[in-house]
Amino acid sequence: MHPPTYILAIESSCDDTAAAVLKDRKVRSNCIANQEVHRIYGGVVPELASRAHQSKIVPVVDKALNDANIDKNQLSAIAYTRGPGLLGSLLVGSSFAKSLAWSLGIPLLEINHMQAHLLVHFIEDERLKTPDFPFLGITLSGGHTQIVKVDRHFEMEVIGTTLDDAIGEAFDKCGKRIGLDYPAGPALDRWAQKGNPNTFDFPIPKVDGFDVSYSGVKTAFINFIQKMERTQPHFIEENKADICASLQRVLVSIILEKISAAVASTQINRIAIGGGVAANSEIRKRLEEKHTSQAWQIHLPPLEYTTDNAAMIGIAGYYKMQQESFGQLSDVAQARLPF
Ligand code: KG4
Ligand code: ZN
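Parameters at a glance
- Along every chain, residues carry numbers that run from 1 in the direction the sequence is written.
- All chains are assigned letters beginning with A, and all ligands numbers beginning with 1, in the order in which they are written.
- Where local features are concerned, this predicted model is filtered to residues with pLDDT of at least 70; where side-chain atom pairs are given and counted, the filter is 80 or more; whole-chain, interface and lining totals use all residues.
- As a convention, hydrogens and water are excluded, and side-chain values are obtained from all of the structure's heavy atoms.
- For each residue, the accessible area found with a 1.4 Å probe, counting protein chains only, is set against the maximum for its type, and the residue is called buried under 20%, exposed over 50%, and partly exposed in between.
- To qualify as a helix, a DSSP run of H or I must reach at least 4 residues; to qualify as a strand, a run of E must reach at least 2; elements of each kind are numbered from the N terminus.
- When DSSP finds at least two bridges between two strands, those strands are taken to pair.
- Only N, O and S atoms count as donors, using a 2.8 Å cut-off from the metal and 3.2 Å for Na, K and Ca, and because water is excluded some sites may appear unfinished.
- Reported domain spans reflect what an automatic or database domain assignment gives.
- Any two residues having at least one pair of non-hydrogen atoms within 4.5 Å are treated as being in contact.
- Accessible area that two parts lose when put together, evaluated with a 1.4 Å probe and summed over both, is termed the buried area.
- A pair is scored as a salt bridge if a Lys or Arg side-chain nitrogen falls within 4 Å of a carboxyl oxygen belonging to Asp or Glu.
- Residues adjacent in sequence count toward polar contacts only when both atoms are side-chain atoms; beyond that, a polar contact is any pair of N or O atoms within 3.5 Å, and within protein one must be able to donate a hydrogen and the other to accept it.
- Put plainly, a pocket is an open set of points on a 1 Å grid over the protein atoms alone with protein on both sides within 12 Å along at least five of seven lines, a cavity is a set where a 1.4 Å probe fits but cannot get out, and a lining residue has an atom within 4 Å of a point.
- Grid points are joined across faces, edges and corners, and a volume is the space filled by probe spheres set on the points.
- Note that Gly is not counted as nonpolar here; it falls among the polar residues with everything else outside the nonpolar set of Ala, Val, Leu, Ile, Met, Phe, Trp, Tyr, Cys and Pro and the charged set of Asp, Glu, Lys and Arg.
- For this purpose, a residue is taken to be near a molecule or strand whenever a single non-hydrogen atom of the residue falls within 4 Å of it.
- Where accessible areas are quoted, they stem from the Shrake-Rupley method and a 1.4 Å probe; at the residue level, only the protein chains shown are allowed to cover.

Peer 1: What am I meant to see in the pairing of strand E6 (residues 135–140) here?
Peer 2: Walk down a regular strand and you will see the side chains alternate between the two sheet faces. The element E6 is largely enclosed, with a buried count of six among its six residues. In E6, alternate side chains face the same way, and those of Phe135, Gly137 and Thr139 on one face and Leu136, Ile138 and Leu140 on the other are all buried. Note that E6 and strand E7 (residues 145–152) share six bridges and pair antiparallel. Across the sheet, residue threonine 139 finds its bridge partner in E7, namely glutamine 146.

In structure tokens:
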């Protein structure tokens, strides 16, 4: 029996300051400080995000160590998000992780945020079933929409991506147009559950291969609302649930069509989703239906592992540690970090 590894993980790629402690593949603590400052602006303000990370990172790390009942001197390594994300935000987490690893004399593990969204499925947790390789990983977030062929933990190939907006961005921007607070995805999902998804229709764009496009449907939606409001000033208030349900059906159909095409082409029917929009009730329901109708194996993470969190950085760090693939103090955070 090897001694357990204790990894402290730090995530600061966007507007959540998060820290977690893992004992091998088990999550001992998973702490997040959400930044409320962005709500009034209807989106993340990068400069304010970096400042908020600066003030929150020490208390969040402290809480993660306390909740896990671990002293920092017991840590085996520190994992942090190197990218992709907002550079000013990434710099806070990466500088903190490097300083702490250096002062404790322990290894540093640099993690790709998008790979981590998929590696949550390897956390040891009774609510999760680890997928067999190869599987199709679907990352659905505010910044990305990808279909990824996953052959091993760090052997991932993006076979489809968005040509413009990410799915989460479409939820957020359309939601903003009908008066929902940022980030609008969760509220839009709640409204949608009370509405009829077949009330209104929006065009599904024709895109080659496994790529998707969300900017067309976003523009069509915004124009539609504007047109309806001209003759019915209270159109949004009177039809909110049906508007949300109809839009959500189309946004989910766009990615589902491409997942179906990828399954048919690769003959891989194991699907694992990750990222904030993986919390969406419609995508979860429609994937479950594919399990029933076409025997797809569906892997849905528990909600706390869908939106940005540090546990996912910790599990990715665990596998990097196993491979002795250590980071360097000279590694630089990167806003764009390919797989
Ligand atoms: O992965 P994430 O926390 O941050 C990024 O890396 O972008 O994803 C955030 C996105 C936001 O666009 C938010 O509106 C969306 O996830 N989101 C949802 C739901 N919960 C979060 N979108 C649709 N339905 C939800 N239930
Ligand atoms: Zn994310």
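Peer 1: In this structure, what is going on with the coordination of the zinc ion (ligand 2)? I would like to understand it.
Peer 2: A metal bound by six donors in octahedral fashion has ideal angles of 90 or 180 degrees, whereas one bound by four tetrahedral donors has an ideal angle of 109.5 degrees. All of the protein donors around the zinc ion (ligand 2) are His113 (NE2), His117 (NE2) and Asp308 (OD); their distances to the metal are 2.1 to 2.2 Å. Ordering the donors of the zinc ion (ligand 2) by residue number gives the pattern H-x3-H-x190-D. Taken together, the positions of histidine 117 in helix H3 (residues 113–119) and aspartate 308 in the loop between strand E10 (297–299) and helix H9 (311–322) put the pair 191 residues apart, joining distant regions of the chain. When its relative accessible area of 0% is taken as the criterion, histidine 117 is described as buried.

Peer 1: I would appreciate a short explanation of the domain arrangement of the chain in the present structure.
Peer 2: How big an interface is tends to be stated in terms of the accessible area lost upon association of its parts. Assigned domains within the chain: domain 1 (6–120 + 307–322) and domain 2 (130–300). With 17 residues of domain 1 in contact, the opposing surface of domain 2 contributes 19 residues. Together, the buried faces of domain 1 and domain 2 total about 1600 Å²; carbon and sulfur atoms form 71% of this surface. Area buried by domain 1 at its contact with domain 2 is led by Arg39, Met114 and Leu118, which between them contribute 39% of it. Where domain 1 meets domain 2, there are zero salt bridges. Counting the contacts that link domain 1 with domain 2 gives two residue pairs in polar contact (both at pLDDT 80 or more). Where the side of domain 1 that touches domain 2 is concerned, the elements lending two or more residues are H3 and H9.

Peer 1: Just to check I follow, could you spell out empty space enclosed by the protein for this structure?
Peer 2: By rolling a water-sized probe across the atoms, one finds the places where empty space is left. Here the structure, examined in full by the defined rule, presents one cavity of 30 Å³ or more. As a volume, the largest cavity reaches approximately 40 Å³. Taken together, Ile204, Pro205, Val207, Asp211, Val212, Ser213, Ile254, Glu257 and Lys258 make up the lining of the largest cavity. A per-class count over the lining of the largest cavity returns five nonpolar, one polar and three charged.

Peer 1: Explain the site of ligand 1 here, please?
Peer 2: Taken together, 19 residues sit near ligand 1, with Gly142, Asp172, Asp189, Asn280 and Asp308 positioned nearest. For ligand 1, an oxygen atom lies 3.5 Å from a polar atom in the backbone of glycine 143. Here asparagine 280 contributes a side-chain N or O atom positioned 3.0 Å from a nitrogen atom of ligand 1. In isolation ligand 1 has 560 Å² of accessible area, and contact with the protein removes 89% of it. If you list the elements that add at least two residues to the shell around ligand 1, you get H3, helix H4 (167–177) and helix H5 (185–192). In terms of residue class, the shell around ligand 1 is built from five nonpolar, 11 polar and three charged. Both domains that meet at the shell around ligand 1, namely domain 1 (6–120 + 307–322) and domain 2 (130–300), each give it at least three residues.

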